[in-house]
Amino acid sequence: MSGQPDLGRADLLSMLAELTAKPAAEVSDRIGSMELAWLVHLVEQRYDRRLDLADDELAGIRTVDDALAVFRASLTVPTDG
């Protein structure tokens, strides 16, 4: 994948709404470990690639905006093969 992925904040909020069974407008901006695992899983499925995130990247994700920045950066890195 090259360029900026089409992943947006609203996409992540919708994914979290699916997990929490709340409307996206009511989803918290804070992300816990369960929510983070869910988001990583769904983003990997959506883009059909594994996100190779380092422990420090994962530890730095505390909000939806943090996750968006890390996921976008990871998705713009060319894959091997």
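Right, let's walk through the structure included here. (Residues numbered from 1 in each chain as written. Predicted model: local features only at pLDDT ≥ 70, side-chain atom pairs only at ≥ 80, totals over all residues. Heavy atoms only, no water.)

1. What to know about the pattern of salt bridges
At step 1: Counted under the stated rule, the structure contains five salt bridges.
At step 2: Its salt-bridge partner being Asp11, residue Arg46 comes within 3.5 Å of it at the nearest N-O pair. With a gap of 35 residues between them, Arg46 in helix α2 (residues 33-47) and Asp11 in helix α1 (residues 9-20) connect regions that are remote in the sequence.
At step 3: Taking the relative accessible area as the measure of exposure, Asp11 reaches 24% and is therefore partly exposed. (Salt bridge = Lys/Arg side-chain N within 4 Å of Asp/Glu carboxyl O. Helix = DSSP H or I, 4+ residues; strand = E, 2+ residues; numbered from the N terminus. Buried < 20%, exposed > 50% of the residue type's maximum accessible area, 1.4 Å probe, protein only.)

2. A short note on the nonpolar core
At step 1: Among the nonpolar cores identified, the biggest contains 23 residues, and Leu7, Leu12, Ile31, Leu39, Val43 and Phe71 are the most heavily contacted of them.
At step 2: Within the residue set of this core, elements represented by two or more residues are α1, α2 and α4 (64-76).
At step 3: When sequence neighbours within four positions are dropped, the list of residues in contact with Leu39 reads Leu12, Met15, Leu16, Ile31, Ala67 and Phe71. (Core = buried A, V, L, I, M, F, W, Y, C linked by side-chain atoms within 4.5 Å. Contact = heavy atoms within 4.5 Å.)

3. Quick look at the side chain of Ser74
At step 1: By the secondary structure assignment, Ser74 is in helix α4.
At step 2: With relative accessibility at 10%, the residue Ser74 sits in the buried group.
At step 3: Look past the residues within four positions of Ser74 in its chain and what remains in contact with it is Arg49, Leu51, Asp52 and Leu53.

4. Considerations on α1
At step 1: Over its 12 residues, α1 extends 16 Å from the first C-alpha to the last, a length consistent with the 16 Å expected when each residue adds 1.5 Å.
At step 2: Burial in α1 covers these residues: Leu12, Leu13, Met15, Leu16 and Ala17.
At step 3: Here the buried face of α1 lies against α2 and α4.
At step 4: One or two positions beyond α1, positive phi appears at Ala21, with a value near 60°. (Expected span 1.5 Å × (residues − 1).)

5. Here's the deal with α2
At step 1: End to end, α2 covers 21 Å across 15 residues, agreeing with the expected 21 Å (1.5 Å per residue, within 8%).
At step 2: When we look at burial in α2, the residues that qualify are Leu36, Leu39, Val40, Leu42, Val43 and Tyr47.
At step 3: Of the surrounding secondary structure, the elements contacted by the buried residues of α2 are α1, α3 (55-59) and α4.
At step 4: Backbone geometry just downstream of α2 places Asp48 in the positive-phi region, at approximately 50°.

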